[in-house]
Amino acid sequence: MKQNVLLGAPGAGKGTLSQKLMSVLPLKHISTGDLLRQEISNKSQLGCEISEIISKGQLVDDDCVVRLILANTDLNSNTYLFDGFPRTLAQAKLLDEKIFEKKSSLIVYLKADLDFLKKRILNRRTCSGRECGEIYNLVSKPSAIDGICDLCGSILEIRKDDNPTTVNSRFKIFEENIDELLSYYKCSNRLLELDAQSNLDDFVINFKNKSMNCS
Ligand code: AMP
């Protein structure tokens, strides 16, 4: 099976799509944002160094993210869905050279209208339960009891970087990098594009066939 990458602006629905893909394929989800937030909540040395960078919506340096991925993956035994990495052309090249090495891969770009996504992010609420992390939206997916996770009963919180200033900075970085990334992957014939508002279930079937085909 191919290794997989999900590209998309913040809030495009990469988490939701990941869950659907994992329901039909034995994939492990690896989100660099989750790994970095985990370092912050563990108060590790790395966590202390990156906390301010993340709260400003800037990018953590490439070496640090690559090291974190290498420490948390085993590509010889597992097939992954990379979410939130790569974010730049330099990271895409590092992913090919240091992580994928010669393994074949498939890249999915979840395309969405950025103004729509900014509003969506500002209404996003995330479960604070360590093992849960379910994502809600005040408008499109509210929890049954305000502020409480339906699945585990933990408190819902607003991610520290889901505020208007940081969101603008995260979108700016996304817009500065996405075209280069898409060109890189188009050239190597690995790119599948998907409209975030289209039927994700149809896409999942198509993806499953492509991912299983290792040629
Ligand atoms: P996310 O959960 O993917 O929205 O990521 C949250 C934040 O973590 C980003 O705004 C960045 O500050 C940092 N981050 C996540 N992934 C990366 C990456 N691949 N390279 C650098 N910084 C990252």
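Residues numbered from 1 in each chain as written. Predicted model: local features only at pLDDT ≥ 70, side-chain atom pairs only at ≥ 80, totals over all residues. Heavy atoms only, no water.

**A short note on the pattern of salt bridges**
Point 1. Across all of its chains, the model carries eleven salt bridges by this definition.
Point 2. Asp162 serves as the salt-bridge partner of Arg124, at 3.0 Å between the closest nitrogen and oxygen. Taken together, the positions of Arg124 in strand β5 (residues 124-127) and Asp162 in the loop between β7 (156-157) and α7 (164-187) put the pair 38 residues apart, joining distant regions of the chain. For the residue pair Arg124 and Asp162, the accessibility class agrees, reading buried in each case.
Point 3. A salt bridge links Asp161 to Arg159; the shortest N-O distance between them is 3.0 Å.
Point 4. Among the charged side chains, a network of salt bridges with common partners joins Arg124, Arg159, Asp161, Asp162 and Arg170. (Salt bridge = Lys/Arg side-chain N within 4 Å of Asp/Glu carboxyl O. Helix = DSSP H or I, 4+ residues; strand = E, 2+ residues; numbered from the N terminus. Buried < 20%, exposed > 50% of the residue type's maximum accessible area, 1.4 Å probe, protein only.)

**A few points about the packing of aromatic side chains**
Point 1. Taken as a whole and judged by the stated rule, the model has four aromatic pairs.
Point 2. For the ring pair Phe203 and Phe207, a centre distance of 6.0 Å and an interplane angle of 40 degrees mean the geometry is tilted. Of this pair, Phe203 and Phe207 both sit in helix α8 (residues 200-212), four residues apart, which is roughly one turn of the helix.
Point 3. One aromatic cluster in this structure is built from Tyr80, Phe82 and Phe100.
Point 4. Taking the ring centre of Tyr136 as reference, the NZ or CZ of Lys141 above it sits at 5.2 Å. (Phe/Tyr/Trp six-rings, centres within 6.5 Å; stacked < 30°, edge-to-face > 60°. Lys NZ or Arg CZ within 6 Å of the ring centre and 35° of its normal.)

**Section: helix α1 (residues 14-24)**
Point 1. Listing the buried residues of α1 in full gives Lys14, Leu17, Ser18 and Leu21. What you see down the axis of α1 is that its buried residues fit within an arc of 105 degrees, all on one side. (Arc of directions from axis to C-beta.)

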